[in-house]
Each structure stands twice: as C-alpha cells, then as structure tokens.
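# Residue-level structure breakdown
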Amino acid sequence: MLAFSNQAETKVYRNEADFVDVYPFVPYQFSLVQKVFDKIRETGFTGKHLAKGERSLLGAFKESTENYCEKNVGLLIPFHAFYETIEGFLDPIIARTISQARNNQLLDEYDCELLEVLFMIRNIKEIEPNLDNLIVLSISSVDEDKVKLKQRIIESLQKLERQTLINKSEDRYYFLTNEEQDINREIKGIDIEDHQILEEVHRMLYEQKSGICPSSYENYKFSKAVDDRVKAVSGADLTIKFLTPLSDQYYSRKGNQQSLYGDNLSNIDSTDTLLFVLPDDELIDQIRSYLRIEKYLKQNSSNRNNAEIQNILFTKEKDAESARAKAAELIVQGVSDSKVFVDNKEVMLGKTSPKERIKEGLSLLIENVYSKAGYVTKDYENENEVLKLLRSDDLEKFGVTGSETNRLALKEMLEYIRLKHGRSGRVLLSDLKERFTKKTLRLERYDGFRACGNALPEGRTQTPLPV
C-alpha cells in the first residue's frame, strides 16, 4: 500500500511497534521532508532564512500534527500537509503560483493539494513524480480506497495540466514555475494541422528504414494510405490503409462493419484493401506534443541568452524526444491491437508482431483479390521462350497440346476471348494484357503472352489479336 514504484530506498513500517512509535506519520516522511527543505535551499526557492538541521523538520511535523489532531483514529498524515510549513520559507513568486491556484474556480481543494505535493518533490530524484508514487504520497487513511484515490488523482492531474500548472512528460508530472508556465502556454497555443500529424504516422509506418510496413510483398505492389491521404504506387492494384481517430470515418455509425470499439465502418470502402483500425489512444496527442515543441524551439532558437530560459528549453527538447519515442512505441502497439479488415471483411490474424501481422494480412488480401493466381502452374521467364512457343510446330514439346500445364489459366483466357469477341467481334492483345496481368490471374508479362500463344495454335478461336 505504501510502496513507491521506483527503486530508491524508502522506509515503511517494519512492524507493529514501529507503527505505534511514528503514527500518524509514515517512516519515509521523515527523510523525505528533510530532502525537500534541502532542495528548496539549494535551488534558491527560499525567500526567508530557512533553518538548517532539525528545527525546520520539527516545525513541519509539529504543525501537521496540530492541524490533524482532531481527526479520527486511522488517519495517516498525507504528504501535502507539510507544505503549510514550507510555504512560510518560500520566495513570494513561487508561493504565489500555488496561492493563485487556490483562487482558481476551475480547481478544487484536492487539485491544489496535489499541486503542493508536485512542488515539494519537484527536485527529489529519489521519488519519481508518476501516478503510482503520487497515490502513495496522497494516502490519508489506513483504510484508503486506492482505486477511488487513483481516479481522483487522475482527474486532478488532468485539470492541473489543462491550467498549465504542471507538465506531463512520458508517465511523469512536473510542477511548473512561472517562466515554465509561460513557455508551456505558448507551446500549447501552437497550431498543428491534422495533415502534419498524418504525415508523421505515414513516416512511422511506411518509411523504409524505420517503418513497420514492407515496401512490397511477394512482388506485389500496394498503395499506402493513412486515413484519406493515399500515396499511390504505379501499377499497384492493392492498398494498405491505416485508419486513425483523426478520420471522420473512425466514429461512423452506419452499417454492420465495426471498428475496434464497436463503431461501424461499413461506409469505408476497403475494396482491394488491407485496413488496420488503430486504437484511440495517446498516439495523436504524443505526435501533436512533439511537433508543437519542435516548432516552438525553431521559432525561439535565438532566445537562449537567459540561463534559466536556456535550461527550460533544454528540458523541452528532452520532452520532445520522449514524446517521439512514446509515439513510436504506441504505433507499434497500435498495429498489434488493431482490428483488421481484408477486402471489406473482418479477419482474425494469428500473429501478434506488427510486421508479421501486416505480412499475414497482405497474404490474405492477395489470396482474396487474386483468387485465380494459382491457375498459372508454369512460368515463362523471358521473351525468347515465348517466341519459341509461338514459332514451334511441335507444341507437345512445350507442354501445350493435351497438357495440364496452365490448363485453368488457359480456360479462363479462352472464355474471356469468346465473351469479348461475342460482344464486339474484336479482341486486342492489349485487352488481354489489361485484364490478365491485373486482378483476374495477375499473369506476368511472359505468362500472358504464353497463354495467348497457347490459345491461338490450338485453333480454339478464330479471333484475330492485333497488338
């Protein structure tokens, strides 16, 4: 219940006697409060003389005991209780940040208490300011409901972040000085358009060096899409598409095809498409965050003469790097968790690795779209082989007459020739190339010529085939 998430040594109750000796305090508080006083002195946040040694520490525990002495048995002193003593030693500019928060009608008492805790542990390396540790620091009863406490703290953190009083970096939350607040407000005011975010998603998914998706698969080309932004590839019949929460189609509610969270997707045309529906998580927020910071740093690259501002900007650079790394993790996890549709039908993929899931999905798409590709059982590798066939009088030598070689492919082509000839009386070789080198059989160039060659010598059609 009182264990911190980081590895630093923090004291808790060793036994029943230890509990009785220090109640209503928790053992870790004695050393942590002393560290808070030391850091305030070192960082120059003090306005008045801050007594060294035990006097400040004793004063803090004395005052918190007096403030809570009328509470019910079972109470534990929460860490924010020590701020009242510390506040008397603070520089008025620092203290004003928290006093102004108390007057903010959008914040309540719990929000301000959490802000006080974040200030006190701001420079304490032993205690990471993450959610789990904030819960431990906020426990105020031996019977504390940690589930309810966690939810309350999450809500307070969100409110404090919206008011630009704290900053979130990865899973940690930091109290902001006035200068930091000003810079954070400016960063939050920077507009990042959706297409810039989608370009980042596209880069993470498709960029050849670091991307998740292959540039091609089994000699099949495919166009690459994120939402409605498609980068077409010449000669590609197939598309791989990723749908993000930025798309208007993500929350569509028409039809039977549904997204990861039950939202309908049937109005999305995924014909000849492998569609991944990315989960609605922090990905977009993380990308927007580092794009804003990077844009701000470029615009303020010359504003680095002030040492304090320089330190803040250096910290923001680190925040941008962390957000980029987090976004990269989320895109990988998102592909693993996505619902997948192949040619308008939902499929359940057996693979869990993002790259393997994409390959498995592409394999299903190819099998579904090119359903007759298996009709071609023998390939012709070059033009010379095709010419030999066309000029030969001994077709059995080449496995044509009376052979099972490519029989189904030949049959498919003959049926199309008859149908085409019946309609127009004219069949062009370019017609056959257009049809059979794409979705029907996806014949390679020489396979197609060979099948044409097979059809003509056998005398199965009298149709002329001008090139």
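This text gives an overview of the structure that appears in the document.

About the criteria used
- Residues numbered from 1 in each chain as written.
- Predicted model: local features only at pLDDT ≥ 70, side-chain atom pairs only at ≥ 80, totals over all residues.
- Heavy atoms only, no water.
- Pairing = 2+ DSSP bridges.
- Helix = DSSP H or I, 4+ residues; strand = E, 2+ residues; numbered from the N terminus.
- Axes fitted to C-alpha atoms, helices over the stretch in contact; angles between N-to-C directions.
- Contact = heavy atoms within 4.5 Å.
- Salt bridge = Lys/Arg side-chain N within 4 Å of Asp/Glu carboxyl O.
- Buried < 20%, exposed > 50% of the residue type's maximum accessible area, 1.4 Å probe, protein only.
- Polar contact = N/O pair within 3.5 Å; in protein donor to acceptor, adjacent residues only side chain to side chain.

## A word on the sheet that holds strand 7 (residues 339-342)
Taken in spatial order, the 6 strands make up an open sheet running 4-3-5-6-7-8, and their pairing is mixed. Of all strands in the sheet, those bounded by a partner on one side alone are strand 4 (229-231) and strand 8 (345-347). Between one strand axis and the next, the sheet turns through 25° on average, direction left out of account. Here strand 5 (residues 238-243) runs beside strand 6 (residues 273-277); their pairing, made up of 5 bridges, is parallel. Bridge pairing links F242 to F276 in strand 6. Contacts from helix 13 (residues 354-369) reach strand 3 (222-226), strand 5, strand 6, strand 7 and strand 8 within the one sheet, and its direction differs from that of strand 6 by about 145°.

## Topic: the pattern of salt bridges
Using the criterion set out here, one finds 22 salt bridges in the structure. Salt-bridge contacts for D319 lead to K316; the nearest nitrogen and oxygen are separated by 3.3 Å. On the criterion of helical spacing, the pair formed by D319 and K316 is a turn pair, its members being 3 residues apart in helix 12 (residues 307-337). One exposure class covers both D319 and K316, and it is buried. Residues joined in a network through salt bridges with shared partners are E200, R203, E294 and R324.

## Observations regarding the pairing of strand 6
Most of strand 6 sits inside the fold, with 5 of its 5 residues counted as buried. Of the two faces of strand 6, the one carrying T273, L275 and V277 and the one carrying L274 and F276 are both buried. One ladder, built from 4 bridges, connects strand 6 with strand 7; its direction is antiparallel. Considered in strand 7, the bridge of F276 is made with V340.

## Overview of the side chain of E200
Along the chain, E200 falls in helix 10 (residues 194-206). Looking at E200, the relative accessible area reads 13%, which means it is buried. Of the polar contacts made by the side chain of E200, one reaches the side chain of Y290; its length is 2.6 Å. There is a polar contact of 3.4 Å between the side chain of E200 and the side chain of R324.

Keep in mind these values describe shape, not function.
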